[in-house]
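# Descriptive structure summary
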Amino acid sequence: MENFYITTPIYYVNARPHLGHAYTTIVADSISRFHKLMGAETYFLTGTDEHGDKIVQAAEANNQSPQEYVDTISGLFRNLWPDMGISNNDFIRTTEPRHVKVVQEILQKVYDKGDIYFGEYGGHYCFGCERFYTEKELVDGLCPDHLTKPEYISEKNYFFKMSKYQGWLREHILKNPDFIRPERYRNEVLSLLESGALEDLCISRPKSRLTWGIELPFDKDYVTYVWFDALINYLTALEYPEGDKFGKFWPVANHIVAKDILKPHAIFWPTMLKAAEIEPYQHLNVHGYWLIKDTKMSKSLGNVVEPLKMKDTYGMNAFRYFLLREMSFGQDSSFSEEALVGRLNADLANDLGNLFNRTLAMTHKYFGGNVPAPEVEDVIDAEIKKLGQDAMQSFQDNFAQFKFSRALEGLWELVRGLNKYIDASAPWTLFKEKNMDRLSTVIYVLLENMRKIALHVWPVMPDASEQMLEQLGLSFDVNKYNLAKELDVWGLLESGSVVAKTSNLFPRVELPEPKPEAPKAKKQEKAKKAKKNESAEAGPTYAEFEDFTKLDLRVGTVLDVEPHPDADRLLLVRVDLGEAEPRQVVAGIAEFFKPEELKGKQVVLVANLKPRKIRKQLSQGMILAVKSGDGLQLLTTTQPVEPGSKAS
Ligand code: ME8
């Protein structure tokens, strides 16, 4: 079995991790586990991209130095991954000395070879994208991604002779049909390469404009363009050029990215490698976007899905299963909790959960919990075995090609087939008829197939898989099992071993209750009165301590305030909570405060109140206040505290 090297993009630290980052990293984890279970030695890399204008701007908005800022956000990514079941071998940060060294070595090598030259360039620079746009690429004079007007910048810079390698790259893609996959992205890149001459790539930024970057080894007045720096991370982690890992894993390098960063990975990166005399990576695997109600997730729209929240509500295994099953790798997919709940109930609770619950219960009822020995084989057993082999083959072939949804669909043919097999062979009747030989075989066929299924889902649902195996009386060990062999072996589950009584790994789930509509004023009044009477009779109503700990109360500093465009009573208050970006809170306090009175004040915020739109404006928390006479006082601290400090 070949070794396997898998990487995610290194994520920018200008925003907190969201569903998109979680998806790519979960895919990388699943494919890495899959190859490990197929017997390969694997290396799995993720990390953070920490240089460039964007990061400096985000740090400034947050009143932090770039270093402080990148440390915080990089930590958010690093700490999230264990909660998502991610088993990466390394976490790389582009600000680490090991990376700076490799970037400078490669720059020097390419420079010495004559593939980097100094020249003057004028172009439309978008700070959001950190790149120059040609006139042709702009849409109505605006950046096509950010829809903002780029700044015209003319300066002297260093350029990489990318155009020199255009012909070679085209040839390489033609000769290696799955160099970029799925095919639609390969075609996109080929048509880009065929539509005209590639421009050379500007790979430096003058320090007069940006210092937060890796210094060019041949000119200390310049830092490296963030993409030239970032892509090299894939080599740094393997200890290029001398490391054993480089020799072992670079020839089998697989990158995963979404379509947003196709061009740097499909064009900049292979040509950079060629210039540095390094073999190209093996495969670039490109996926589509997760959309929310058909629009891209974005912070400003307030539709960002937080992976931790999904994991807390539905569990890590179920969340991972949904992401891999729902998205056809390569295409866009819509995320909704309705779809998630529907899929979990159908595939996990009804199909897989039921199979386990029914079979374990029958093993206890008919055999006291001991795995019976198969006795009398029937045609139906041969049929289900064949179905199992086909399902596992389909799973393995598709998974290896990044077709995760199809792989799981294939495996579920077996899950559903086994549920039908139970109905068709009616163990309860066999028991009544005292046909114990046949009954033993039926239960054994079920349990052995369940063992195979449990093993196959390990790459996707690692914890659940290990628990399923435990319920079958087995303990998981990645070195002991091999998926490829499962296609041929039968009968590894030993007769006589003891299985669990129940499974209940995948209970049915429900959508969280929508918040009840606010009752009309009268009703509210009535309810209030009733409550008063009730509490007079029953004493005070206490909140459990646990309920109190659910509230995340934080002190923040008001950065600026403006009137709500559509409501006189409301103000839009932007509060710094020490996070990557300030929170916007829509507060009904306009009659009590003028915007300028609030600026710089510290307030107490319910920071984990579910974000919602109030008159079309996103509100991400609630400011606590006290009514006093006809006025209103805001809660604050006796002395100023660090923004984001938690009240307890
Ligand atoms: O581009 N759906 O970092 P980044 C699916 N630092 N995946 C999504 C997604 C969505 N809606 N949104 C983001 C960068 N992603 C560079 C990479 S690599 C040398 C440098 C995922 O933080 C997806 O993997 O903007 C996408 O390619 C990546 O996050 C972009 O992350």
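Residues numbered from 1 in each chain as written. Predicted model: local features only at pLDDT ≥ 70, side-chain atom pairs only at ≥ 80, totals over all residues. Heavy atoms only, no water.

### Points about the overall build of the protein
Helices and strands together make up the secondary structure of the protein, namely 21 helices and 27 strands. With respect to the principal axes defined by its C-alpha atoms, the protein has extents near 85 × 85 × 40 Å. For the protein, the residues scored as buried account for 51% of the 648 residues in total. In the protein, the share of contacts with a sequence separation of at least 24, taken over all contacts with a separation of at least 6, comes to 75%. Looking at the protein as shown, the accessible area adds up to about 30,700 Å², and 50% of this sits on carbon and sulfur atoms. Between the averaged position of the 79 positive side-chain charges in the protein and that of its 91 negative side-chain charges there is a distance of 4 Å. (Helix = DSSP H or I, 4+ residues; strand = E, 2+ residues; numbered from the N terminus. Buried < 20%, exposed > 50% of the residue type's maximum accessible area, 1.4 Å probe, protein only. Contact = heavy atoms within 4.5 Å. Areas by Shrake-Rupley, 256 points an atom, 1.4 Å probe, with all protein chains shown as cover. Lys, Arg positive; Asp, Glu negative; His and termini not counted. Charge placed at Lys NZ, Arg CZ, Asp CG, Glu CD.)

### Some words on the domain arrangement of the protein
A common measure of how large an interface is: the accessible area buried when the components associate. Partitioning the protein into domains gives domain 1 (4–287), domain 2 (333–535) and domain 3 (551–634). Computed over C-alpha atoms only, the centres of domain 1 and domain 2 are separated by 41 Å. Taken together, the contact between domain 1 and domain 2 spans 15 residues of the former and 18 residues of the latter. Both sides of the domain 1 and domain 2 interface together cover about 1,500 Å² of buried area, and 77% of this is carbon and sulfur. When residues of domain 1 are sorted by the area they lose upon contact with domain 2, Arg-33, Phe-34 and Leu-37 head the list and together hold 45% of the total. Along the contact surface separating domain 1 from domain 2 lie zero salt bridges. Taken together, the links from domain 1 to domain 2 amount to two residue pairs in polar contact (both at pLDDT 80 or more). (Domains from an automatic or database assignment. Buried area = accessible area lost by both parts, 1.4 Å probe. Salt bridge = Lys/Arg side-chain N within 4 Å of Asp/Glu carboxyl O. Polar contact = N/O pair within 3.5 Å; in protein donor to acceptor, adjacent residues only side chain to side chain.)

### Side note on the sheet that holds strand β15 (residues 290–292)
The strand order β16-β15-β17 describes an open sheet built from three strands, whose pairing is mixed. Bordering the open sheet on either side are β16 (295–296) and β17 (333–335), each of which pairs with just one other strand. Bridge count for β15 against β17 is three bridges, and the pairing is parallel. Its bridge partner being in β17, Trp-290 is matched across the sheet by Ser-333. (Pairing = 2+ DSSP bridges.)

### Looking at the pattern of salt bridges
Within the structure shown, the criterion is met by 35 salt bridges. Two residues, Glu-377 and Lys-385, come together in a salt bridge whose shortest N-O distance is 3.1 Å. On the basis of relative accessibility, which here comes to 23%, the residue Lys-385 falls in the partly exposed class. Lys-452 is paired through a salt bridge with Glu-486; the nearest N and O atoms lie 3.0 Å apart. One end of the pair, Lys-452, is in helix α17 (residues 436–456); the other, Glu-486, is in the loop between α18 (462–471) and α19 (521–538), with 34 residues separating them in the sequence. Like Glu-486, Lys-452 is buried. A cluster of three or more residues bridged by salt bridges with shared partners is formed by Glu-326, Arg-343, Asp-347, Asp-351 and Arg-416.

### Some thoughts on the packing of aromatic side chains
Overall, the coordinates contain 40 aromatic pairs when judged by the stated rule. With a centroid separation of 4.9 Å and 65° between ring planes, the pair formed by Tyr-125 and Phe-132 is classed as edge-to-face. In terms of burial, Tyr-125 and Phe-132 fall into one category: buried. Grouping aromatic residues by their ring pairs yields a cluster made of Tyr-5, Tyr-43, Tyr-234, Tyr-240, Phe-246, Phe-249, Trp-250 and Trp-269. It is Arg-33 that lies over the ring of Trp-458; its NZ or CZ is 4.9 Å from the centre. It is Lys-296 that lies over the ring of Tyr-289; its NZ or CZ is 4.4 Å from the centre. (Phe/Tyr/Trp six-rings, centres within 6.5 Å; stacked < 30°, edge-to-face > 60°. Lys NZ or Arg CZ within 6 Å of the ring centre and 35° of its normal.)

### Description of the site of the ligand
Lining the immediate surroundings of the ligand are 23 residues, of which Ile-10, Thr-24, Asp-49, Asp-260 and Trp-290 lie closest. Note that an oxygen atom of the ligand is positioned 2.9 Å from one of the backbone N or O atoms of Tyr-12. In the model, an oxygen atom of the ligand is placed 2.8 Å from a nitrogen or oxygen of the Asp-260 side chain. Isolated, the ligand exposes 680 Å² of accessible area, and the fraction of that covered by the protein chains is 93%. Among the elements of the structure, β2 (11–12), α1 (19–37), α7 (226–231) and α8 (233–236) are those that each provide at least two residues to the shell around the ligand. When grouped by side-chain class, the residues that make up the shell around the ligand number 13 nonpolar, eight polar and two charged. (Near = heavy atom within 4 Å. Nonpolar A, V, L, I, M, F, W, Y, C, P; charged D, E, K, R; others polar.)

### Considering the environment of Asn-3
Locating Asn-3 in the fold gives a position in the segment before β1 (4–7). For Asn-3, a relative accessible area of 22% corresponds to the partly exposed category. For the pair Asn-3 and Arg-320, spaced 317 residues apart in sequence, the C-alpha to C-alpha distance is 24 Å. A polar side-chain atom of Asn-3 sits 3.5 Å from the main-chain carbonyl oxygen of Lys-248.

### So, the environment of Pro-177
Relative to the elements of secondary structure, Pro-177 occurs in the loop between α5 (166–175) and β8 (180–181). It is 9.9 Å that separates the C-alpha atoms of Pro-177 and His-283, two residues lying 106 residues apart in sequence.

### Overview of the sheet that holds strand β9 (residues 201–202)
Reading across from one edge, β6-β5-β7-β9 is the order of the four strands in this open sheet, with antiparallel pairing throughout. A strand with exactly one partner marks an edge of an open sheet, and here the two such strands are β6 (131–133) and β9. Here strand β5 (residues 116–126) pairs with strand β7 (residues 151–160) via 10 bridges, running antiparallel. Counterpart to Gly-123 in the pairing with β7 is Ile-153.

### Side note on the nonpolar core
Grouped together as the largest cluster of nonpolar side chains are 169 residues, with contacts concentrated most on Tyr-5, Trp-250 and Phe-335. Of all hydrophobic cores here, the second largest spans 17 residues; its members include Val-561, Val-573, Val-575 and Leu-605. (Core = buried A, V, L, I, M, F, W, Y, C linked by side-chain atoms within 4.5 Å.)

### Notes on the pairing of β5
As paired strands, β5 and β6 are joined by three bridges and run antiparallel to one another. Within β6, the position partnered with His-124 by the bridge is Tyr-133. Where β5 hands over to β6, the hairpin turn is made up of four residues, of which Glu-130 adopts a positive phi near 60°.

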